[in-house]
Amino acid sequence: MTLTLPDPEPGTVVRDTIEVIGQLPTGEPETLPCIVVNGVEDGPTLWVTGSIHGNEVTGLAVCQDIVHDGLADHLAGRLVSISNLNPAGLRRNWRQSYYNNDDPNRKFPDVEYVTQNADPGDTVEGPRPPRQQKILCRRLFDCFSEDADALLDMHTASAGAHPFVIRDRVLYGRGLRDESEARELAADLEAFAEAFGLPVVFEYAVEEYLDQSLQCSTSGSALNQAGIPAVTVELGQHHVVEEEWRRQGVAGTYRVMEHLGMVDDAAAVAPDNLGEFPAPVGPPLSGQVRRYVGPHAPSTNGGIVRHEVAAGDVVEAGDVVARVVPLDGNPEQAVELAIDHDGWVTHRYPGATAYENAPVASFAVEDDGDVVGTPEDD
Ligand SMILES: [Zn+2]
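Source: prediction; values computed, not measured. (Residues numbered from 1 in each chain as written. Predicted model: local features only at pLDDT ≥ 70, side-chain atom pairs only at ≥ 80, totals over all residues. Heavy atoms only, no water.)

### Some thoughts on the coordination of the zinc ion
For the zinc ion, the full set of protein donor atoms is His53 (ND1), Glu56 (OE), Glu56 (OE) and His155 (ND1), and the range of their distances to it is 2.1 to 2.5 Å. Considering all four donor atoms around the zinc ion, angles at the metal cover 56 to 148° and the coordination shape is irregular. (Donors = N, O, S within 2.8 Å, 3.2 Å for Na, K, Ca; no water. Tetrahedral: all angles 85-135°; square planar, octahedral: opposite > 155°, others 65-115°.)

See the structure below:
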């Protein structure tokens with residue numbers, strides 16, 4: 001099954017759907033909403049996708065709101081906006097899809113896929129055939145790897161989260177690309193990520209990246225398999241549309257379109273629903289940073305987490321960022337959790353109950369890692 005995108009005349013907008021599963025068990029097809037804006041001049045194709053995690057709805061609203069009737073007249077190239085990549089998650093306000101309760105953002109084709117499948121039409125997946133979510137992701141991958149020149153994937157992190165853009169390291173080796181090609185792509189990616197106007201945070205180093213299957217995320221697959229600039233954008237908290245970060249998401253998309261040469265002046269062409277064009281959000285700390293999840297509750301006992309920092313706070317190595325308190329409140333058995341890096345808090349983990357080894361927060365910590373990496377060192 002090959003996905004068919006709407007194909008409007010130059011200078012027009014089409015709001016339509018694309019069929020991604022021919023027939024669900026209940027008899028109907030599964031479709032995704034798809035808006036295509038075809039500009040009056042030639043230029044690149046930018047894909048903007050949202051809510052592959054079905055409860056991350058600020059990104060969904062961004063995808064709805066980046067399109068307005070007058071855009072096509074000012075656009076060079078094509079804008080493809082898919083506000084929901086996960087209908088089976090959106091219907092129940094849930095991160096996963098309910099086909100097999102998979103995280104859809106870990107099911108896109110990965111390094112092994114590229115090595116084993118020279119022809120993307122092949123279905124070499126090992127002794128068990130791929131299940132529904134992986135098939136759906138593959139259809140999407142085949143479509144955007146053919147169609148898109150760049151991709152923005154809109155997410156949210158957790159309650160009160162500071163917004164940020166996640167920049168992955170570009171992988172080389174294993175038949176993907178050589179190191180010099182990886183460095184070229186990383187330079188394009190740097191300019192693309194910076195253009196959005198939110199703090200840029202590197203994804204985990206290669207070993208942890210592969211361990212967490214992030215090469216199989218939407219943007220990881222677009223970047224590292226399809227070889228196009230692609231980032232994940234984190235816009236605050238789950239479950240509700242956050243107006244401030246919706247506006248930053250729309251403005252960031254227009255700043256990226258200006259960077260790609262698709263519009264001349266982002267602020268002048270932006271939709272009315274944006275209000276005044278917001279200024280970029282500066283990072284709380286200068287210099288290269290990467291994502292870091294921790295510190296972790298003790299492996300000896302769980303408890304109730306009392307955070308001592310909030311999103312956006314700057315921390316130094318050794319700072320206590322949380323305490324894990326036993327349910328009876330005994331202060332003598334409370335455990336202090338210190339961070340062992342300098343950095344800033346991107347978000348606290350939701351839910352105050354910490355089981356053994358549970359991480360309590362996520363940070364952007366100082367990083368001197370390379371912008372490219374190879375899985376061949378594993
Ligand atoms: Zn997400």
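Right, picking up where we left off after that structure.
### Quick look at the packing of helix H1 (residues 57-65) against helix H8 (residues 243-259)
Direction vectors running N to C along H1 and H8 enclose 45°, while the axes themselves pass 9 Å from each other. In terms of orientation, H1 lies oblique with respect to H8. As for the relative orientation of H1 and H8, their crossing is right-handed in sense. On H8, the residues that touch Thr58, Ala61, Val62 and Asp65 of H1 are Trp245, Arg246, Gly249, Val250 and Thr253. For the contact of H1 with H8, the residue count by class is four nonpolar, three polar and two charged. (Axes fitted to C-alpha atoms, helices over the stretch in contact; angles between N-to-C directions. Helix = DSSP H or I, 4+ residues; strand = E, 2+ residues; numbered from the N terminus. Parallel < 35°, antiparallel > 145°, perpendicular 65-115°, else oblique. Left-handed = near helix turned anticlockwise from the far one by under 90°. Contact = heavy atoms within 4.5 Å. Nonpolar A, V, L, I, M, F, W, Y, C, P; charged D, E, K, R; others polar.)

### So, the pattern of salt bridges
Overall, the coordinates contain 14 salt bridges when judged by the stated rule. Close ionic contact of Arg91 with Glu30 constitutes a salt bridge, the shortest N to O distance being 2.5 Å. Taken as a pair, Arg91 in the loop between helix H2 (87-90) and helix H3 (111-116) and Glu30 in strand E2 (residues 30-38) lie far apart in primary sequence, 61 residues in all. According to the relative accessible area criterion, Glu30 is buried, its value standing at 1%. Among the ionic pairs, Asp65 bridges to Arg246, the shortest N-O distance being 2.8 Å. In this pair, Asp65 is assigned in helix H1 and Arg246 in helix H8, connecting sequence segments 181 residues apart. A relative accessible area of 17% places Asp65 in the buried class. Here the residues in one salt-bridge network are Glu56, Arg95, Asp103 and Arg106, joined through shared partners. (Salt bridge = Lys/Arg side-chain N within 4 Å of Asp/Glu carboxyl O. Buried < 20%, exposed > 50% of the residue type's maximum accessible area, 1.4 Å probe, protein only.)

### Looking at the environment of Lys107
Tracing the chain through its elements places Lys107 in the loop between H2 and H3. Among the residues examined, Lys107 registers a relative accessible area of 26% and is labelled partly exposed. Expressed as a C-alpha distance, the spacing of Lys107 and Lys134, which sit 27 residues apart in the sequence, is 5.1 Å. The residues contacting Lys107, other than those within four sequence positions of it, are Asp102, Gln133, Lys134, Cys137 and Cys216.

### Side note on the domain arrangement of the protein
Domains assigned within the protein are domain 1 (12-274) and domain 2 (289-366). Relative to domain 2, the C-alpha centre of domain 1 lies at a distance of 30 Å. Contact residues are listed per partner, giving 15 residues for domain 1 and 14 residues for domain 2. Note on domain 1 versus domain 2: buried area summed over both sides is about 1,100 Å², and carbon and sulfur give 64% of it. The largest share of the area that domain 1 buries against domain 2 comes from His162, Val201 and Tyr204, three residues that together contribute 39% of it. For the interface between domain 1 and domain 2, the tally reads five residue pairs in polar contact (both at pLDDT 80 or more). Among the elements of the structure, strand E6 (164-167) and strand E8 (200-202) are those that each provide at least two residues to the side of domain 1 that touches domain 2. Across the side of domain 1 that touches domain 2, the residue classes break down as 10 nonpolar, three polar and two charged. (Domains from an automatic or database assignment. Buried area = accessible area lost by both parts, 1.4 Å probe. Polar contact = N/O pair within 3.5 Å; in protein donor to acceptor, adjacent residues only side chain to side chain.)

### Notes on the pairing of strand E11 (residues 303-307)
As paired elements, E11 and strand E16 (residues 353-354) share two bridges and run antiparallel to each other. Within E16, the position partnered with Gly303 by the bridge is Ala354. Note: E11 against strand E13 (residues 320-325), four bridges, orientation antiparallel. By the bridge assignment, Arg306 is partnered in E13 with Arg323. (Pairing = 2+ DSSP bridges.)

### A word on the environment of Thr353
Here Thr353 is to be found in strand E16. What Thr353 contacts, discounting residues up to four positions off in sequence, is Gly303 and Ile304.

### Thoughts on the packing of aromatic side chains
A full pass over the atoms with the stated rule returns five aromatic pairs. Seen in terms of ring centroids, Trp47 and Phe144 are 5.9 Å apart; in terms of plane orientation they differ by 75°. Their pairing is edge-to-face. With Trp47 in strand E3 (residues 41-50) and Phe144 in helix H4 (residues 132-147), the pair connects residues that are 97 residues apart, well separated along the chain. Given the relative accessible area of 2%, Phe144 is considered buried. Relative to Phe363, the ring of Tyr292 lies with its centre 6.3 Å away and its plane at 50°, an arrangement referred to as tilted. In this pair, Tyr292 is assigned in strand E10 (residues 289-296) and Phe363 in strand E17 (residues 359-366), connecting sequence segments 71 residues apart. Each of the two residues, Tyr292 as well as Phe363, counts as buried. (Phe/Tyr/Trp six-rings, centres within 6.5 Å; stacked < 30°, edge-to-face > 60°.)

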